[in-house]
Structure formats: C-alpha cells, structure tokens
Amino acid sequence: MTGLRDTMIQAGPGGLAVAGYAIGLAFGAIVTWTNFCTMGSISDFMTFGDWRRFRAWILAAATAILGAQSLQALGVVDLGQSMYLGANLNWFGHIVGGLMFGFGMVLAGGCASKNLARAGGGDLRALITLIIVGMAAFMAIGGIFGPGRAILEQWTSVDLKPLGVTSQSLGGLLAQRTGVAAAKLDIVIGGLIVIAAFACCFGNKAFRTSPVHILSGLGVGLCVVAGWAVTGLGFDELASKPTQPISLTFVRPTGDALDWLQRFTAGRVPGFGVATVFGALSGALLASLAMGRFRVSSYSDAKDARRNLGGALLMGVGGVLALGCTVGQGVTGISTLAVGSFLTFAAIVVGGMQGMKHMERVMLAE
C-alpha cells in the first residue's frame, strides 16, 4: 500500500489526470452501452412501472458505499478530507439545489453525466447543454449568482460543531450520542444500507434476470470506487496545494473543463475532475461508434432549444447549491454516508418526478 501511495504522489497532477481520464473513459462507455440514466429511470417507473433502471442507480450507490467504506477501513482514502463530510450542513442547498437539478435534468433530457454520453454520441443539443451547465455552475460559484448563493448558505447552513459533531456522516452524527467511534458506526450503517439495497435490487426478479441493468449499476459504482482509490492514494497533505480526495461528479468539473480549454497555457495538466469529463466524452464516443449508434443530431425546434437551455441553467445552478449531481451526490456523495448527499438524492428524485409531470402537461397542451 505504501508503495502505491508513493507512486501516485510522485506521479503528481499528471498521474491523477491520466487516471481520471481512464476512469472517465470507462464510465462514458458503460453509460452509453448500458443506457444508465437517472432521469430515464424516473421516467421508466412513472410511465411504465419499470423500476429496473432505478434499481441500477441504487445498485451503483450500494456498490460505491461498499467500496468507499472498505477503502476507508484499509487506509487507502480518508473520506473525512472530502468536501462531503464537513460539519457544516447546508440543508437548504441540498434540498432546493436537488429539486432544481432534478427538474432541470428532465427539461434537458438527462443529467450532466447522461449529456456527456449523448454528446459523445454526436448529440449537439447535449454539447450545448454541457456548455450552459458549466457556465451556470461558474456563475453560481463566483459569478453573478455567487453573492446571493453565499448569503443563502450563510443564513441556512447549520454548524454541527457546537453539538459535538465533527462529521456529517451517519456514523458521525450517532457517535456523539452513543460514544461509539464514528468509523465503526459508519461501517455498521454502511453495511446495513448495502444489504438493504442489494435485497431491494436482487429481490426483484425483473432486475436480477436483466444482466445489462446489473452490469450498469455495478460498473458505475466501481468507477466511483476507482476514483476514490486513485485520489485517496494521490492525496499529499504536505503538498503546496493538496488536492482533496474526490471521485466522479460532473457539474463543477464541466465548468472547470471549459475554463481549462480557455486557459490551457496557464496550466497544461488538467485536474482529476476535468480529465474525467474528457474521458467520459471519449468513452461515449468510442462506445457509440462500436455499437453503430453515433449520430449527429440537434434541436427539433425552438421550443426544444428553450426547454433544453432552461434545464441546463437549472442543473448548473442547482448542482452547485447541492454540491453535486445524480452521480456526484447520488452515488459518490452517498458512498461517504453524508447526510447532505441523502438529502440531495431524495430532492433530485422528487424534482425529477415533478419535471416529468410538467412535461406531461406540456405535451398534452401541445
């Protein structure tokens, strides 16, 4: 383990970039090949009563929990160093941002990760959606929406430290009351969640007899685990600018990718997140070509364009408020057992359901 850590630290930003690209490549190919889609999973159970793609999402999260908590126990990654487990719980951002993101992904025909897969397959609508998502994310971080977002966070965030809580993981919240170490509680709670999730997935005959959905969930979950392993091993607290451990998330990194393309000469090695974005695009391109599905397409009409652009704006701002997307919070964040991630996951699902109902009303009106 020490040898791997030394190798990753010595490889530096370049090593993280190469690893990020490889993980993104696998992710993009898996999403394209299996049609993994969180927005589509909501549409499936609302329209057809088909829960298989939603169970694939649950399986991905459960796989990520199992992998991330195992890596934590083995000392490969310190999840407490990630952005998810701070003692400051921004409940408003997680809920409202999640609702915005869920609603927006329906208008835009998919979440950020799905639009990466679609763009790699030749969909120009998805490419423009990603550009707007990235721009809106930066507007919410430090742009025109930044001051308002910061004020809202200041007013609504709850500091858990006065309560004796130093981590918002489920185990961290219970540790103060039970006296049991947070790390041990996280292992127990994570194990129970994984067992329940696996029972939910494989207890359903339609799901367990569908190899593509099983591979979809396992593949996405393992990509997230790989991300934690690489960035955990590459974390160097003695570096001049330590890079937090992180895994797959696609709202902020999409904005970072646009920024890197415009300022390449200022820093020629992309960060891990930027590399995963380019990797996902490449993986989707290769998979769509191999499957004979690459098709250049665009908006059907002006209404389609307005709907997609509006959804992209909601996803960009909502993703920043919620600190992530369907993958960034719904799989990566949940793997840390962060309370905020569970709030965001629930809000995205509710927002997506409301978005589907809105689209039904629009279609009936037309």
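Residues numbered from 1 in each chain as written. Predicted model: local features only at pLDDT ≥ 70, side-chain atom pairs only at ≥ 80, totals over all residues. Heavy atoms only, no water.

### Overview of the packing of helix H6 (residues 124-141) against helix H14 (residues 302-321)
Moving on, step 1. Viewed as axis vectors pointing N to C, H6 and H14 meet at an angle of 40 degrees, and their least axial separation amounts to 7 Å. Taken as a pair, H6 and H14 cross one another with a handedness that is right-handed. Contacts between H6 and H14 involve Arg125, Ile128, Thr129, Ile132, Val133, Ala136, Ala137, Ala140 and Ile141 on the former and, on the latter, Asp304, Asn308, Leu309, Ala312, Leu313, Met315, Gly316, Val317 and Val320.
Moving on, step 2. Looking at side-chain class alone, the contact of H6 with H14 contains 13 nonpolar, three polar and two charged residues. (Axes fitted to C-alpha atoms, helices over the stretch in contact; angles between N-to-C directions. Helix = DSSP H or I, 4+ residues; strand = E, 2+ residues; numbered from the N terminus. Left-handed = near helix turned anticlockwise from the far one by under 90°. Contact = heavy atoms within 4.5 Å. Nonpolar A, V, L, I, M, F, W, Y, C, P; charged D, E, K, R; others polar.)

### Looking at the environment of methionine 100
Moving on, step 1. Within the fold, methionine 100 resides in helix H4 (residues 91-107).
Moving on, step 2. Remark: the alpha-carbon pair of methionine 100 and glycine 351, spanning 251 residues in sequence, is separated by 6.5 Å.
Moving on, step 3. Excluding anything up to four places from it in sequence, methionine 100 contacts Leu314, Val317, Gly318 and Leu321.

### Digging into the packing of aromatic side chains
Moving on, step 1. Taken as a whole and judged by the stated rule, the model has 13 aromatic pairs.
Moving on, step 2. Between tyrosine 84 and tryptophan 228, the aromatic rings sit 6.3 Å apart at their centres with planes inclined by 70 degrees, giving edge-to-face as the arrangement. Taken together, the residues tyrosine 84 in the loop between helix H3 (52-74) and strand S1 (88-89) and tryptophan 228 in helix H11 (residues 211-233) connect sequence positions 144 residues apart. Pair check on accessibility: tyrosine 84 and tryptophan 228 agree, each one buried.
Moving on, step 3. A network of ring pairs unites the aromatic residues Phe45, Trp51, Phe54, Trp57 and Phe345 as a single cluster. (Phe/Tyr/Trp six-rings, centres within 6.5 Å; stacked < 30°, edge-to-face > 60°. Buried < 20%, exposed > 50% of the residue type's maximum accessible area, 1.4 Å probe, protein only.)

### Points about a nonpolar patch on the surface
Moving on, step 1. A cluster of nonpolar side chains, Leu124, Leu127, Ile131, Met135, Leu285, Leu289, Phe294 and Val296, forms an exposed patch at the surface whose accessible area comes to about 670 Å².
Moving on, step 2. Of all the elements in the fold, those that place two or more residues in the nonpolar patch are H6 and helix H13 (272-290).
Moving on, step 3. Counting residues per element, the nonpolar patch draws most heavily on H6, which supplies four residues.
Moving on, step 4. Relative to the helices and strands, methionine 135 is located in helix H6. (Patch = residues over 30% accessible without salt bridge, like charges linked within 9 Å, V, L, I, M, F, W, Y side chains within 5 Å. Areas by Shrake-Rupley, 256 points an atom, 1.4 Å probe, with all protein chains shown as cover. Salt bridge = Lys/Arg side-chain N within 4 Å of Asp/Glu carboxyl O.)

### Examining the nonpolar core
Moving on, step 1. Core analysis: the largest hydrophobic core is formed by 82 residues, its most contacted members being Phe27, Trp57, Phe101, Met105, Trp228, Leu248 and Phe250.
Moving on, step 2. Considering every element that reaches this core, the biggest residue donor is H3, with ten residues.
Moving on, step 3. In this view, phenylalanine 250 contacts Phe27, Ala112, Ser113, Leu116, Thr276, Val277, Ala280, Cys325 and Val327; residues no more than four positions away in its chain are not counted.
Moving on, step 4. Membership of the second largest hydrophobic core comes to five residues, among which are Ala87, Leu89, Leu160 and Val165. (Core = buried A, V, L, I, M, F, W, Y, C linked by side-chain atoms within 4.5 Å.)

### A few points about helix H5 (residues 112-120)
Moving on, step 1. Here H5 lies mainly inside the structure; nine of its nine residues are buried.
Moving on, step 2. Every buried residue of H5 is accounted for by Ala112, Ser113, Lys114, Asn115, Leu116, Ala117, Arg118, Ala119 and Gly120.
Moving on, step 3. Following H5 by one or two positions, glycine 122 adopts a phi angle in the positive range, close to 100 degrees.

### Describing unusual backbone geometry
Moving on, step 1. Although it is not a glycine, leucine 323 adopts a positive phi angle of roughly 65 degrees.
Moving on, step 2. Given a relative accessible area of 37%, leucine 323 falls into the partly exposed group.
Moving on, step 3. Residues other than glycine seldom take positive phi values, yet leucine 337 does so here, at roughly 65 degrees.

### Some points on the pattern of salt bridges
Moving on, step 1. For the coordinates displayed, the defined rule picks out nine salt bridges.
Moving on, step 2. For the salt bridge of arginine 252 with aspartate 256, the shortest nitrogen-to-oxygen distance reads 3.0 Å. One end of the pair is arginine 252 and the other is aspartate 256, both in helix H12 (residues 252-262) and four residues apart, which spans about a single turn.
Moving on, step 3. Judged by relative accessible area, aspartate 256 falls into the partly exposed class, the value being 23%.
Moving on, step 4. One network of salt bridges, in which partners are shared, links Arg118, Asp123, Arg125, Asp304 and Arg307.

### Structural notes on the packing of H5 against H13
Moving on, step 1. Two elements in contact, H5 and H13, have axes separated by 7 Å at closest approach and are oriented at 50 degrees. Compared by their axis directions, H5 and H13 come out oblique. The interaxial crossing formed by H5 with H13 has right-handed handedness. Contacts between H5 and H13 involve Leu116, Ala117, Ala119 and Gly120 from the former and Val277, Ala280, Leu281, Ala284, Leu285 and Ser288 from the latter.
Moving on, step 2. Across the contact of H5 with H13, the residue classes break down as eight nonpolar, two polar and no charged. (Parallel < 35°, antiparallel > 145°, perpendicular 65-115°, else oblique.)

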